[in-house]
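These are the residues of each chain, in order.
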Amino acid sequence: MRPLRYSINVTLDGCCDHREGIPDEELHRRATETIARADALLFGRVTYEMMESAWRLPSASGGMPEWMEPFARTIDAAKKYVVSSTLDEVDWNAELVRGEDLEKTVRQLKSEPGEGLYVGGVTLPLALAERGLIDEYEFIVHPRVAGHGPTLFAGLSKPIDLELVDRSELGSGAVALRYEPRG
């Protein structure tokens, strides 16, 4: 059974707006390694459309620093599952999953052999956490106070107790904290 891992950048005050992190070379290298280890990525519609517009090759390669190119190539090549009840079709090496089939589909994907699945974003991880489907949470906490949202897990129906399993500091001052659900 392969685990479902959630990874997100967040500021000290809980903001997970992708524009508020510190997008340096080390962070991109770390994200590239993470995505390269994944059998597939799981995105909601908003995250999928945002990532596709930023990283789909060949258009993504123009104008970016050279150190971002490995990330662009890796995410471009990754297998993706897109959870949406509003999209009619997806491409970019992606398969559409209907929202009403979420739990069944994710349980099926997790039951297959492999190294693991990764999910990003805000809304979809909330739905997955509610169903107890996330096996590992990674929060990359940036040394910044954004003063706005969105925030993680707003509306979660019950607390999820986590156990710290790894911690690493990045040169920017960000700290990557990896947790697993207790019990």
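Shown above is the structure to which this text applies.
Here's what I pulled together on the structure shown here. (Residues numbered from 1 in each chain as written. Predicted model: local features only at pLDDT ≥ 70, side-chain atom pairs only at ≥ 80, totals over all residues. Heavy atoms only, no water.)

Turning our eyes to something else, we now look at the packing of aromatic side chains. Counted according to the given criterion, the structure contains eight aromatic pairs. Through pairs of rings, three or more aromatic residues link up here, namely Y6, Y137, F139, F153 and Y179. Across the ring face of Y81, the terminal group of K79 is positioned such that the distance to the ring centre comes to 4.9 Å. One residue, K80, lies across the ring of W92, its end atom 4.0 Å from the ring centre. (Phe/Tyr/Trp six-rings, centres within 6.5 Å; stacked < 30°, edge-to-face > 60°. Lys NZ or Arg CZ within 6 Å of the ring centre and 35° of its normal.)

Turning next to the pairing of strand β2 (residues 40-44). In the case of a regular strand, side chains alternate between the two sheet surfaces. In terms of residue burial, β2 counts as a mostly covered element, since five of its five residues are buried. Residue alternation in β2 divides its side chains into two sets, A40, L42 and G44 and L41 and F43, and both sets are buried. As judged from the three bridges shared by β2 and strand β5 (residues 117-119), these two strands associate in the parallel manner. Directly across from L41, in β5, lies its bridge partner Y118. (Buried < 20%, exposed > 50% of the residue type's maximum accessible area, 1.4 Å probe, protein only. Helix = DSSP H or I, 4+ residues; strand = E, 2+ residues; numbered from the N terminus. Pairing = 2+ DSSP bridges.)

What follows covers the sheet that holds strand β6 (residues 136-142). Strands sit in the order β4-β3-β2-β5-β1-β6-β8-β7 across an open sheet of eight strands; the sheet is mixed. In this open sheet, the two edge strands, each paired with only one partner strand, are β4 (94-97) and β7 (162-169). Adjacent strand axes in the sheet meet at a mean angle of 25 degrees when their direction is disregarded. Contacts from helix α2 (residues 45-55) reach β2, β3 (80-83) and β4, with the element oriented near 115 degrees to β2. (Axes fitted to C-alpha atoms, helices over the stretch in contact; angles between N-to-C directions. Contact = heavy atoms within 4.5 Å.)

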